[in-house]
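Each chain, written out:
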2 protein chains.
Amino acid sequence: MNYDHFFADAIDALRKERRYRIFAEIERDASRFPRAVWHSPGGPRDIVVWCSNDYLGMGSHPKVVEAMCGAAQARGAGAGGTRNISGNSHEIVMLERELADLHGKEQGLVFTSGYISNATGISTIVKLIPDCVVISDELNHNSMIEGVRQGGRQKAIFRHNDLGHLEELLKAAGDRPKLVAFESVYSMDGDIAPMAGICDLAEKYGAMTYLDEVHAVGMYGPRGAGVAERDGVMHRIDVIEGTLGKAFGVVGGYITGKRTVIDAVRSYAPGFIFTTALPPAIAAAAAASVRHLKESQAEREGQRAQVAKVKAALAAAGLPTMETPTHIVPVMVGDAKACKMASDLLLAEYGIYIQPINYPTVPRGTERLRITPTPFHDDALIAHLARALSDVWERLELPYADRAAERADNQRRTALGPAPIPVPVAGG
Amino acid sequence: MNYDHFFADAIDALRKERRYRIFAEIERDASRFPRAVWHSPGGPRDIVVWCSNDYLGMGSHPKVVEAMCGAAQARGAGAGGTRNISGNSHEIVMLERELADLHGKEQGLVFTSGYISNATGISTIVKLIPDCVVISDELNHNSMIEGVRQGGRQKAIFRHNDLGHLEELLKAAGDRPKLVAFESVYSMDGDIAPMAGICDLAEKYGAMTYLDEVHAVGMYGPRGAGVAERDGVMHRIDVIEGTLGKAFGVVGGYITGKRTVIDAVRSYAPGFIFTTALPPAIAAAAAASVRHLKESQAEREGQRAQVAKVKAALAAAGLPTMETPTHIVPVMVGDAKACKMASDLLLAEYGIYIQPINYPTVPRGTERLRITPTPFHDDALIAHLARALSDVWERLELPYADRAAERADNQRRTALGPAPIPVPVAGG
């Protein structure tokens, strides 16, 4: 039997829908962040990365790089085993203490990625609560959806950030145990959950809360613990999940919470138990980053300032930016092909790298360029970005603010939950 | 509603069964591998790690550590995004070429861990093959079981390494598409699959093959591609999965195969798409390790020599080692409590760290110490190990070779597949 056609057909399907993706191969330059070299078809080219999730440039911070190299030299490149079998390094234990302290929780637990934190974290938690109903925001990340699905409990999806709908579902679940799963900053629209309102409802109806702060840790709150810290509700959330791979600039994920909850996940989660631990060098680098951002306001202030300037510059140019209360600046295109063309043109002719965000990461008709300014995107780079975008908008005859706003108003979310075949996404 | 008791009860259940685990906190010392410092309750203590999956000590190899530090300094500590959104570093692309070349395949794809390679790799592959039956060895690792489960296809489990049973199941599946999923070296018993026989059957019945070589890559075959290379059947396997976190000494996992298969996984696998890429520093370190072990035989020869010496020394002492054709040396204890006591005693009084392997990683009655000698466990360390084990066996009145062999004969595997609550394991 020949199996090739199954895979070739799957690839063809993506090509036909213009959803087949080619990854841009880049070499970041720690000494010139956010600049990088793009390995273009025509050879190496200097570019500026405008779509990095290294939101604060901490991946290039000397403290972080030095911690990584110091630990690699002292301890070696890897952990050498699972946490249980010789891989429980001093560095990862220290990192977990740092993270517990960051979120004001009793304990932290580090995973190989944020994806795994959610997938094995949520699934393990709900498996340990008999008859639990999971009440999940409709725009939760794929990793949370996976966690809910793998948990195998009844689920109920509330309309995005809709407290009324959440309350309906909480009421409907009656006396059963309930877990409310949500994010603080939603990465594609850059909007923020009504945190206090969700906490109020969870308390009123006796639900446990699970919050994903991956697009917020490092950047919000006086110590960078996220939006829950900023909004003064951190102590009201049962489990806070975060990443070490975005604003903290390294790689890996974690959860924090009460000792019993975290210890149960540690003891029962297959995606934690059966996998090699993150290397001491990664743990040391991440801990250095977390520690730095607990004290330093410079990166957060720098980011806020440059984000505000980007928003102002694009608005002044009449470009259709979606208004957000965060560091995420979506510029609406509203068409998959046009979005890809705009991105290609920006990279090839302006040296500006912004990956297009198409369906199914965002609903059809709301395709966009998602811009993430860091403290290191200086005023000259911002001016260059605004000019380049204006040029591209004109050359491709892309829609300006009014039409895009209308599209955004009309946007309808795609159905959640796993498809029979997992759908590839532009956003990943 | 108070949720604490759900988690507290789950922990209590483990304590009652003596399966609650406390991780030994250690600091490896790259300059003195396999020596490390154990953060014992009484303070730091010098120990020798005898249970590391850094099988060849490559985590401490200067080439590997230098590659890691060099890339961290040049590129920063992290990748800054998913593979699709700014995280596709030159280093990870180069690593994938290195891995494809290693296994003689068209393409490679790197994941954040071997666990994720299997879980999202297998599930994506079988989702793309309508009506596929997955035929899986009963002792496959949890990550493969997860992949099969998440794939949602019909599954059939063949008795461990039993070609007759495999053939029965292949026949029973008739004309339907079939995927045979198996490992080369099984980590707990240290035995090896009948590779050529499995390939013969797969070809006879038109099945696709998926092979996990995580406990073999780096160590078997003239270029360290694994048992399939050694046995001359590498070209007959469709997908070969491996890890960067064991003999290669770093962290991460991968699959290799035909371009279409790998490209389909790249394009459809949620556990690949939606997660931050491994840092360039990790990719560079792993590539250096793979490259080195393609050429150098010294590590493999050194390991074989020291493994043979360990086996001979333990046999001479009458200790109940399980015979294996690999680098894995299980010493049978046959009782969970005794196994834990032996391990504790070795660590506390002899400075020898060997994690106990208890149910459910291995069946009850086959609890064991699993020893993994590296090229760096020199003759003096081996002599010390044999003396210490003999002492402990006498002090705890543990069974010697005969009784243990009988237990091993009687061993029955536990049922596979996911339990309603994931079971915690000593082996993770």
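Residues numbered from 1 in each chain as written. Chains lettered and ligands numbered in written order. Predicted model: local features only at pLDDT ≥ 70, side-chain atom pairs only at ≥ 80, totals over all residues. Heavy atoms only, no water.

Take the pattern of salt bridges next. Overall, the coordinates contain 50 salt bridges over all chains when judged by the stated rule. With its nearest N and O atoms 3.0 Å apart, the salt bridge here joins Asp-29 of chain A to Arg-32 of chain A. A salt bridge links Glu-146 of chain B to Arg-149 of chain B; the nearest nitrogen and oxygen atoms lie 3.3 Å apart. Highlighted residues: Glu-146 of chain B and Arg-149 of chain B, both in helix H5 (residues 142–151), separated by three residues, approximately one helical turn. Glu-146 of chain B sits in the buried class, given a relative accessible area of 8%. Each of Glu-98, Asp-101, Arg-223, Arg-291 and Lys-294 of chain A takes part in a single network of salt bridges with overlapping partners. (Salt bridge = Lys/Arg side-chain N within 4 Å of Asp/Glu carboxyl O. Helix = DSSP H or I, 4+ residues; strand = E, 2+ residues; numbered from the N terminus. Buried < 20%, exposed > 50% of the residue type's maximum accessible area, 1.4 Å probe, protein only.)

This part covers the interface of chain A and chain B. Listed as interface residues are 107 residues of chain A and, on the opposing side, 107 residues of chain B. Taken together, both faces of the contact between chain A and chain B bury some 9,600 Å²; the carbon and sulfur share is 61%. Among the residues of chain A in contact with chain B, Phe-7, Phe-23 and Asn-84 of chain A are the three that bury the most area, contributing 8% of the side total. Inspection of the chain A/chain B interface yields four salt bridges. (Contact = heavy atoms within 4.5 Å. Buried area = accessible area lost by both parts, 1.4 Å probe.)

Take the relation of the copies chain A and chain B next. Of the two same-sequence chains, chain A is brought onto chain B (RMSD 0.0 Å, axial shift 0.0 Å) by a rotation of 180°. What the rotation and shift describe, once combined, is the action of a two-fold rotation axis. Nearest to the rotation axis, the C-alpha of Cys-69 of chain A is located 2.5 Å from it, this being the minimum over chain A. Comparing interface residues between copies, 100% of those in chain A also lie at the interface in chain B; the contact surface is shared. (Least-squares fit on C-alpha atoms with pLDDT ≥ 70 in both.)

What follows concerns the sheet that holds strand E14 (residues 368–371) of chain A. Residue and element names in this part refer to chain A. With antiparallel pairing, the three strands of this open sheet are ordered in space as E11-E14-E13. The two strands at the open ends of the sheet, each matched to only one other strand, are strand E11 (329–332) and strand E13 (356–357). Sitting on the sheet, helix H12 (residues 298–316) touches E11 and E14, and the angle it makes with E11 is about 15°. Of the strands in this sheet, E13 and E14 touch helix H13 (residues 336–350), which is tilted by about 45° from E14. (Pairing = 2+ DSSP bridges. Axes fitted to C-alpha atoms, helices over the stretch in contact; angles between N-to-C directions.)

Here we take up the packing of helix H4 (residues 114–127) of chain A against helix H5 (residues 142–151) of chain A. All names here are of chain A. Where H4 meets H5, the axes come as close as 7 Å, and the angle between the chain directions of the two elements is 30°. The angle between H4 and H5 falls in the class roughly parallel. The crossing of H4 and H5 is right-handed. In this structure, H4 uses Tyr-115, Asn-118, Ala-119, Ile-122, Ser-123, Val-126 and Lys-127 to contact H5, whose residues at the interface are Asn-142, Ser-143, Met-144, Glu-146, Gly-147, Val-148, Gln-150 and Gly-151. Each residue belonging to the contact of H4 with H5 can be placed in one class, and the counts come to six nonpolar, seven polar and two charged. (Parallel < 35°, antiparallel > 145°, perpendicular 65-115°, else oblique. Left-handed = near helix turned anticlockwise from the far one by under 90°. Nonpolar A, V, L, I, M, F, W, Y, C, P; charged D, E, K, R; others polar.)

Moving on, we come to the pairing of strand E6 (residues 154–158) of chain A. Moving residue by residue along a regular strand, the side chains alternate between the two faces of the sheet. When strand E5 (residues 133–137) of chain A meets E6 of chain A, the two strands line up parallel, connected through five bridges. Paired with Asp-137 of chain A across the bridge in E6 of chain A is Phe-158 of chain A.

Here the focus is the domain arrangement of chain A. Residues and elements named next belong to chain A. Under the domain assignment, chain A is made up of domain 1 (3–58 + 297–332 + 340–416) and domain 2 (62–295). Taken over C-alpha atoms, the centre of domain 1 sits 27 Å from the centre of domain 2. Domain 1 puts 25 residues into the contact, and the matching count from domain 2 is 32 residues. Both faces combined, the contact of domain 1 with domain 2 buries some 2,300 Å², and carbon together with sulfur accounts for 56% of it. Linking domain 1 to domain 2 there are one salt bridge. (Domains from an automatic or database assignment.)

Here the focus is the packing of aromatic side chains. Summed over all chains, the structure comprises eight aromatic pairs over all chains. On the numbers, 5.7 Å between centres and 75° between planes, the contact of Phe-111 of chain A with Phe-272 of chain A is edge-to-face. Of this pair, Phe-111 of chain A sits in strand E4 (residues 107–111) while Phe-272 of chain A sits in helix H10 (residues 270–273), placing them 161 residues apart in sequence. Through a chain of ring-to-ring contacts, the aromatic side chains of Phe-23 of chain A together with Phe-111 and Phe-272 of chain B assemble into a single cluster. (Phe/Tyr/Trp six-rings, centres within 6.5 Å; stacked < 30°, edge-to-face > 60°.)

Before going further, it helps to spend a moment on the sheet that holds strand E12 (residues 352–353) of chain A. Where strands meet in a sheet, backbone hydrogen bonds hold them as pairs that are either parallel or antiparallel. Residues and elements named next belong to chain A. Spatial ordering of the open sheet is given by E1-E2-E3-E12, a layout of four strands whose pairing is mixed. Both edges of this open sheet fall to strand E1 (26–28) and E12, since each of them pairs with a single strand only. Both E1 and strand E2 (residues 35–40) contribute to a ladder of three bridges, which runs antiparallel. Its bridge partner being in E2, Glu-27 is matched across the sheet by Val-37.

Let's shift gears to helix H2 (residues 62–75) of chain B. For H2 of chain B, built from 14 residues, the straight-helix expectation of 20 Å at 1.5 Å per residue is met to within 8% by its first-to-last C-alpha distance of 19 Å. Here H2 of chain B has its buried residues at Val-64, Val-65, Ala-67, Met-68, Cys-69, Ala-71, Ala-72 and Arg-75 of chain B. Of the surrounding elements, those touching the buried residues of H2 of chain B are E1, helix H2 (62–75) and helix H11 (280–295) of chain A together with helix H3 (90–103) and helix H11 (280–295) of chain B. Just downstream of H2 of chain B, Gly-76 of chain B is the residue with a positive phi angle, here 95°. (Expected span 1.5 Å × (residues − 1).)

Residue and element names in this part refer to chain B. Along the chain, the position of Ser-117 falls in helix H4 (residues 114–127). Residue classification places Ser-117 among the buried residues on the basis of a relative accessible area of 0%. The contacts of Ser-117, once residues within four sequence positions are left out, are Phe-111, Ile-122, Tyr-210, Glu-241, Gly-242, Gly-253, Tyr-254 and Ile-255.

Residues and elements named next belong to chain B. Relative to the helices and strands, Thr-372 resides in the loop between strand E14 (368–371) and helix H14 (379–395). Residue classification places Thr-372 among the buried positions, given a relative accessible area of 1%. From its side chain, Thr-372 meets the backbone oxygen of Ser-52 in a polar contact 2.7 Å long. The contact partners of Thr-372, leaving out residues within four places of it in the chain, are Trp-50, Cys-51, Ser-52, Asn-53, Tyr-55, His-327, Ile-328 and His-377. (Polar contact = N/O pair within 3.5 Å; in protein donor to acceptor, adjacent residues only side chain to side chain.)

For residues other than glycine, phi is negative in most cases, and the peptide bonds are mostly trans. The omega torsion of the bond from Phe-33 of chain A to Pro-34 of chain A falls at 10°, within 30 degrees of zero and hence cis. With respect to the helices and strands, Pro-34 of chain A occurs in the loop between E1 and E2. Looking along the chain, the bond that leaves Tyr-359 of chain B and enters Pro-360 of chain B is cis, with omega of 5°. Note that Pro-360 of chain B resides in the loop between strand E13 (356–357) and E14. Its identity as a non-glycine residue notwithstanding, Glu-397 of chain A has a phi of 50°, on the positive side. Note on Glu-397 of chain A: relative accessible area 71%, which makes it exposed.

This part takes up the packing of helix H9 (residues 259–268) of chain A against helix H1 (residues 4–16) of chain B. Packing of H9 of chain A against H1 of chain B brings their axes to within 8 Å, and their N-to-C directions diverge by 45°. In terms of their interaxial angle, H9 of chain A and H1 of chain B are classed as oblique. Here the hand of the crossing between H9 of chain A and H1 of chain B comes out left-handed. The residues of H1 of chain B that touch H9 of chain A, namely those facing Thr-260, Val-261, Asp-263, Ala-264, Ser-267 and Tyr-268 of chain A, are Asp-4, Phe-7, Ala-8, Ala-10, Ile-11, Ala-13 and Leu-14 of chain B. In terms of residue class, the contact of H9 of chain A with H1 of chain B is built from nine nonpolar, two polar and two charged.

Let's shift gears to the nonpolar core. Phe-182 of chain A together with Phe-182 of chain B are the most contacted members of the largest nonpolar core, which totals 138 residues. Tallying contributions element by element places H11 of chain B first for this core, with ten residues. What Phe-182 of chain B contacts, discounting residues up to four positions off in sequence, is Asp-137, Asn-140, Met-144, Phe-158, Ala-193, Met-195, Ile-198, Thr-209, Tyr-210, Leu-211, Asp-212 and Ile-237 of chain B. Counting 74 residues, the second-largest nonpolar core is a separate cluster that includes Val-239 of chain A together with Tyr-20, Ile-122 and Phe-274 of chain B. (Core = buried A, V, L, I, M, F, W, Y, C linked by side-chain atoms within 4.5 Å.)

This part takes up the state of the cysteines. Enumeration according to the criterion identifies zero disulfides over all chains in this entry. Among the cysteines around Cys-132 of chain A, which has no disulfide bond, Cys-199 of chain A carries the closest sulfur, lying 17 Å off. On the accessibility criterion, Cys-132 of chain A (0% relative accessible area) is buried. Considering cysteine sulfurs only, Cys-339 of chain B is the nearest to Cys-51 of chain B, which forms no disulfide, with 12 Å between them. (Disulfide = S-S within 2.5 Å.)

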